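Each chain, letter by letter, is given below.
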Amino acid sequence: MTSKRETFTLWMKSLVFHGNGCTVFDSNGRIVYRIDNYNKKSSSEVHLMDLQGKVLFSLRKKKFSLCGHWNGYKMDEEIPCFEVRKNGQVLWGELKYDIIFGCDIADSESYRIVALPGKPGFKIVSIEKRLIAEVKQKQLSSNSTVQFGDDVLSLVVEPHVDHSLVMAIVTVYGLIQHRL
């Protein structure tokens, strides 16, 4: 968490040879997070790790969920610190997923993932519609001839927001969309 807006680059590939996952770089090009699903894509449990391999979040698909219901657990905790589930509303082409913290629907702050169909980008917003983070296709300067593929994204996290939590939410959305 920092007092200024931070930008990360998400490479939707694992650094492990023939592995599935994601590697996240900070604005200085250093690896800060990684997800490695060694054997299969879209598994039902993945781990968000720092560069040294320390597990920051375990992300588990809820059993018997048809709509992509996921729980996020901090390190070795048994109680989920957040859950992501499909909102059920599709308004003006937007797909929405609710993020509930503390898993107490009646008494909890919550966020929402808002995605536009056909585009790799999405936003994480608070219930008050305050921007928390935004993911979009990575772009170079407008006069550059180099283009990134669909597997390279830019993540901008607003000030005073936990980066690892945002990355855990981004990972869950990637799993729901079968990109990891």
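Here is what the cut-offs are and how they apply
Residues numbered from 1 in each chain as written. Predicted model: local features only at pLDDT ≥ 70, side-chain atom pairs only at ≥ 80, totals over all residues. Heavy atoms only, no water. Patch = residues over 30% accessible without salt bridge, like charges linked within 9 Å, V, L, I, M, F, W, Y side chains within 5 Å. Areas by Shrake-Rupley, 256 points an atom, 1.4 Å probe, with all protein chains shown as cover. Salt bridge = Lys/Arg side-chain N within 4 Å of Asp/Glu carboxyl O. Helix = DSSP H or I, 4+ residues; strand = E, 2+ residues; numbered from the N terminus. Buried < 20%, exposed > 50% of the residue type's maximum accessible area, 1.4 Å probe, protein only. Expected span 1.5 Å × (residues − 1). Contact = heavy atoms within 4.5 Å.

Our next topic: a nonpolar patch on the surface. Residues Leu 140, Val 146 and Phe 148 make up a contiguous nonpolar surface patch of roughly 240 Å² in combined accessible area. Within the secondary structure, Val 146 sits in the loop between β11 (131-137) and β12 (152-157). Classification of Val 146 by relative accessible area gives partly exposed; the value is 48%.

Turning to helix α1 (residues 163-176), a few remarks are in order. Every α-helix carries 3.6 residues per turn, so stepping three or four residues along brings you back to the same face. A rise of 1.5 Å per residue sets the reference length of α1, with its 14 residues, at 20 Å; its end C-alpha atoms lie 20 Å apart and thus fit the reference within 8%. Of all the 14 residues making up α1, 14 are buried; the element is thus mostly covered by neighbouring parts of the structure. Just downstream of α1 lies His 178, where phi reads positive at about 60°.

This part covers the side chain of Ser 110. Looking at the secondary structure, you find Ser 110 in strand β9 (residues 110-115). Those residues in contact with Ser 110 that lie beyond four places of it in its chain are Ile 99, Ile 100, Phe 101, Ser 126 and Ile 127.

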